[in-house]
Amino acid sequence: MKIGIGNDHAGVDLKYSIIKTMPEHIFINVGTDSYESCDYPDYIKLVAEMVQKGEVDCGIAICGTGIGASIVANKHKGVRAALCTNEFMASMARKHNDANMLVLGARVVGIDLAISIINAFLHATFEGGRHKQRLDKIKQIEQ
Ligand code: RB5
């Protein structure tokens, strides 16, 4: 899969661990590669824009808690970003919410859990049906 990935200074190590651990995917890295303090909106918006434009299959955004990244990503029309702390949330984010961005907190999850969460996210499929009508209502709110 082609995955956009972006992060602030808090997410540098987790990002590189993910990229190294998952060679089966193509990662487009738009995050900072520096530990110097920066503003997460500057980098998370770049991932969200790639997702919006359909340039990647999905996006991964990382900050310290995942909260700021989640708020930024969800300001973008058409982006459904899910902050997940376990595999169940990641799976449900795809099945029920058709999430197109996964958000991780680098100070919340370790690398092993992060990889499990990503795999759960990537392997689940949107179920449609009643969930589709709920997404349609979200789209109406976006207008
Ligand atoms: C940076 O210190 C931290 O505030 C940021 O990574 C994130 O957790 C914000 O939500």
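Note that this is a predicted model, so its numbers are computed, not measured. (Residues numbered from 1 in each chain as written. Predicted model: local features only at pLDDT ≥ 70, side-chain atom pairs only at ≥ 80, totals over all residues. Heavy atoms only, no water.)

**So, the overall build of the protein chain**
Here comes step 1: From N to C terminus, the protein chain includes 6 helices and 5 strands.
Here comes step 2: Its helices and strands taken in sequence order, the protein chain reads β-α-β-α-β-α-β-α-β-α-α from the N to the C terminus.
Here comes step 3: Taking 143 residues into account, the globule formula puts the C-alpha radius of gyration at 15 Å, and the protein chain, at 14 Å, falls close to it.
Here comes step 4: Across its three principal directions, the C-alpha atoms of the protein chain cover 45 × 30 × 25 Å.
Here comes step 5: Per-residue burial for the protein chain yields a buried fraction of 47% across its 143 residues.
Here comes step 6: Taking the contacts inside the protein chain whose residues are at least 6 apart along the sequence as the reference set, 66% of them involve residues at least 24 apart.
Here comes step 7: With an accessible surface of roughly 7300 Å², the protein chain has 52% of that area assigned to carbon and sulfur atoms.
Here comes step 8: Side-chain charges in the protein chain split into 16 positive and 16 negative, and the spacing between the mean points of these groups amounts to 9 Å. (Helix = DSSP H or I, 4+ residues; strand = E, 2+ residues; numbered from the N terminus. Rg over C-alpha atoms; globule rule 2.2 N^0.38 Å. Buried < 20%, exposed > 50% of the residue type's maximum accessible area, 1.4 Å probe, protein only. Contact = heavy atoms within 4.5 Å. Areas by Shrake-Rupley, 256 points an atom, 1.4 Å probe, with all protein chains shown as cover. Lys, Arg positive; Asp, Glu negative; His and termini not counted. Charge placed at Lys NZ, Arg CZ, Asp CG, Glu CD.)

**Some remarks on the site of the ligand**
Here comes step 1: Taken together, D8, H9, A10, Y40, C63, G64, T65, G68 and R107 make up the full set of residues near the ligand.
Here comes step 2: In the environment of the ligand, an oxygen atom lies 2.9 Å from a nitrogen or oxygen atom belonging to the backbone of T65.
Here comes step 3: Surface burial for the ligand is 71%, taken as the share of its 290 Å² of free accessible area covered by protein chains. (Near = heavy atom within 4 Å. Polar contact = N/O pair within 3.5 Å; in protein donor to acceptor, adjacent residues only side chain to side chain.)

**Thoughts on the side chain of H25**
Here comes step 1: Along the chain, H25 turns up in the loop between α1 (12–21) and β2 (26–29).
Here comes step 2: Polar side-chain contacts of H25 include one of 3.2 Å to the backbone nitrogen of M1.

**Quick word on the sheet that holds strand β1 (residues 2–7)**
Here comes step 1: An order of β2-β1-β3-β5-β4 is seen for the 5 strands of this open sheet, with the pairing classed as parallel. Two strands close off the open sheet at either side, each with one partner strand: β2 and β4 (81–83). Averaged over neighbouring strand pairs, the angle between their axes works out to 25° when direction is ignored.
Here comes step 2: Summarising the sheet, β1 and β2 pair through 4 bridges and their orientation is parallel. Looking across to β2, one finds that I5 is bridged to N29. (Pairing = 2+ DSSP bridges. Axes fitted to C-alpha atoms, helices over the stretch in contact; angles between N-to-C directions.)

**A few points about the packing of aromatic side chains**
Here comes step 1: If you walk through the whole model with that rule in mind, you get 0 aromatic pairs.
Here comes step 2: If you follow R94 out to its NZ or CZ, it ends over the ring of F121, 5.7 Å from the centre. (Phe/Tyr/Trp six-rings, centres within 6.5 Å; stacked < 30°, edge-to-face > 60°. Lys NZ or Arg CZ within 6 Å of the ring centre and 35° of its normal.)

**Side note on the pattern of salt bridges**
Here comes step 1: Applying the stated criterion to the full structure yields 4 salt bridges.
Here comes step 2: Residue D33 pairs with K15 through a salt bridge whose shortest N-O separation is 2.6 Å. Of this pair, D33 sits in the loop between β2 and α2 (40–53) while K15 sits in helix α1, and the two are 18 residues apart along the sequence.
Here comes step 3: The class of D33 is partly exposed, set by a relative accessible area of 47%.
Here comes step 4: A salt bridge links R94 to D98, with the shortest nitrogen-to-oxygen separation between them at 3.2 Å. (Salt bridge = Lys/Arg side-chain N within 4 Å of Asp/Glu carboxyl O.)

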